[in-house]
Amino acid sequence: MKTSISVLLTAGLMAAALPLSAQQGYVYESTNTASGQTMTSLVSILGERIKVEISGGGAMAGTMIFDGEMLIASDGQQYYEITAEMIQQMVGAMSGAQGMMAQAMAEARKNMSAEELEELQRMGIPGLGDLDESEAARESVRTGSMGTESTPLGRCTMYRWEFPDGTPDQDLCLSDDKIVGFDESKAAFKGLAEFMKPMQDAMTNSPIAGMQRNPLERMGDVENLPLMGIQYVNGEPVSEWTITDARAANLSPADFGPPDLPKAQIPIG
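Residues numbered from 1 in each chain as written. Predicted model: local features only at pLDDT ≥ 70, side-chain atom pairs only at ≥ 80, totals over all residues. Heavy atoms only, no water.

Observations concerning the overall build of the protein
Consideration 1: Check the secondary structure of the protein and you find four helices and 12 strands.
Consideration 2: Buried residues in the protein amount to 34% of all 269 residues.
Consideration 3: A sequence separation of at least 24 residues applies to 55% of the contacts in the protein between residues at least 6 apart.
Consideration 4: Accessible area of the protein: about 15,300 Å², with a carbon and sulfur share of 54%. (Helix = DSSP H or I, 4+ residues; strand = E, 2+ residues; numbered from the N terminus. Buried < 20%, exposed > 50% of the residue type's maximum accessible area, 1.4 Å probe, protein only. Contact = heavy atoms within 4.5 Å. Areas by Shrake-Rupley, 256 points an atom, 1.4 Å probe, with all protein chains shown as cover.)

So, the packing of aromatic side chains
Consideration 1: Following the criterion strictly, the structure yields two aromatic pairs and no others.
Consideration 2: Between F66 and F195, the ring centres sit 4.9 Å apart and the planes meet at 50°, which makes this aromatic pair tilted. You can see F66 sitting in strand β4 (residues 59-66) and its partner F195 sitting in helix α4 (residues 182-202), a full 129 residues away along the chain.
Consideration 3: The class for F195 is buried, based on a relative accessible area of 10%. (Phe/Tyr/Trp six-rings, centres within 6.5 Å; stacked < 30°, edge-to-face > 60°.)

So, the pattern of salt bridges
Consideration 1: Tallied over the full model, the rule gives eight salt bridges.
Consideration 2: Taking the shortest distance from any N to any O, the salt bridge between E81 and K263 comes out at 3.0 Å. Note that E81 is positioned in strand β6 (residues 79-83) and K263 in strand β12 (residues 263-264), a separation of 182 residues in sequence.
Consideration 3: With a relative accessible area of 22%, E81 lands in the partly exposed category.
Consideration 4: The partly exposed category is assigned to K263, whose relative accessible area is 47%.
Consideration 5: With a closest N to O distance of 3.1 Å, D169 and R218 form a salt bridge. Of this pair, D169 sits in strand β9 (residues 168-175) while R218 sits in the loop between α4 and β10 (226-233), and the two are 49 residues apart along the sequence.
Consideration 6: For D169, a relative accessible area of 1% corresponds to the buried category.
Consideration 7: R218 sits in the buried class, given a relative accessible area of 11%.
Consideration 8: Ionic contacts of the salt-bridge type, sharing partners, join the residues E29, D245 and R247 into one network. (Salt bridge = Lys/Arg side-chain N within 4 Å of Asp/Glu carboxyl O.)

Details of the state of the cysteines
Consideration 1: Enumeration over the complete set of coordinates arrives at one disulfide.
Consideration 2: The side chain of C156 participates in a disulfide bridge whose partner is C173; the two sulfur atoms lie 2.1 Å from each other. The sign of the 95° torsion about the S-S bond sets the C156-C173 disulfide as right-handed. Of this pair, C156 sits in strand β8 (residues 154-162) while C173 sits in strand β9, and the two are 17 residues apart along the sequence.
Consideration 3: Given a relative accessible area of 0%, C156 falls into the buried group.
Consideration 4: Overall, the relative accessible area of 0% leaves C173 in the buried class. (Disulfide = S-S within 2.5 Å.)

Some thoughts on the nonpolar core
Consideration 1: In this structure, Y28, I50, F189 and L225 are the most contacted members of the largest nonpolar core, which totals 37 residues.
Consideration 2: If you tally residues by element for this core, the top one is α4, at seven residues.
Consideration 3: When neighbours within four sequence positions are excluded, I50 is seen to be in contact with V43, S44, I45, M64, I65, F66, A188, F189, L192, L216 and F256.
Consideration 4: Judged by nonpolar contacts, the second largest core, of eight residues, contains V27, I65, A249 and F256. (Core = buried A, V, L, I, M, F, W, Y, C linked by side-chain atoms within 4.5 Å.)

Some thoughts on the confidence of the model for the protein
Consideration 1: In the predicted model, the protein carries a mean pLDDT of 78, and 71% of its residues have values of at least 70.
Consideration 2: Confidence, expressed as mean pLDDT per element, reaches its minimum in the protein at helix α1 (residues 2-17) with 44 and its maximum at β8 with 96.
Consideration 3: In this model, residues 1-20 is a region of pLDDT below 50 whose contacts with residues beyond four sequence positions or in other chains number one contact.
Consideration 4: Scored below 50 in pLDDT, residues 207-212 makes nine contacts in the model with residues more than four places away or belonging to other chains. (pLDDT = per-residue confidence, 0-100.)

Section: the side chain of S44
Consideration 1: Here S44 shows up in strand β2 (residues 37-46).
Consideration 2: If we skip the residues at most four places from it in the chain, S44 touches Y26, V27, R49, I50, K51, E53, L251 and F256.

A short note on unusual backbone geometry
Consideration 1: One non-glycine residue, S35, lies in the positive phi region at around 55°.
Consideration 2: With respect to the secondary-structure elements, S35 resides in the loop between β1 (23-34) and β2.
Consideration 3: For N234, which is not glycine, the phi dihedral falls at a positive 55°.
Consideration 4: Take N234: it is sitting in the loop between β10 and β11 (236-251).

So this is what it looks like as structure tokens:
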């Protein structure tokens, strides 16, 4: 009896020492190149929670955490909390600014030659199209496959998403085989994309349209994990990335809390 009690006590102490809050999560690592600079991204997933950590040159460049309801963004010096209500407020502020820009562009058009106007339209400057054109956000769709590629995680098939006029939006190379944790992670990817969509739509016709596109936006809708990707702006490639590792990991909600940095407020408007 004493031996049984001793064994039970030992087992209980060992169990108490384990991180009971740890749960099954997934981690994806990737390299990202833009403007000649290569960065490393670490994406952690736990249920609907997602954290993206970006580093380069041995230093943390930024962190983005989404818990399904709120976004926490950090530049490594401080962090900001962004709610869905704040997203709508920022969209409203942007709409007002874009309205003033549209008026300025309408005045500028009066003093432009046909050649100048055509050149600025070719560059993708917003507000220079026909005044009767719809300003609705353009949607890109997937076209046929463009062949296969080899990556650190295996073979993948490349697909392109194009706008109605044939301008490329994004290339994604979807894994030919199932990648660990992707099916379980799709809800987190989709939740983040839906949270950011109002902001992305508002930026469609802004002077920096395309640069703030969420590279994870289609992760929740595609059938297999994209192992490689290329982002285009005005038809020109501006960034590319490759996933180098995918693995299961023991994570907890505490891993998705605010960083140990000062909290700041975003000035809206």
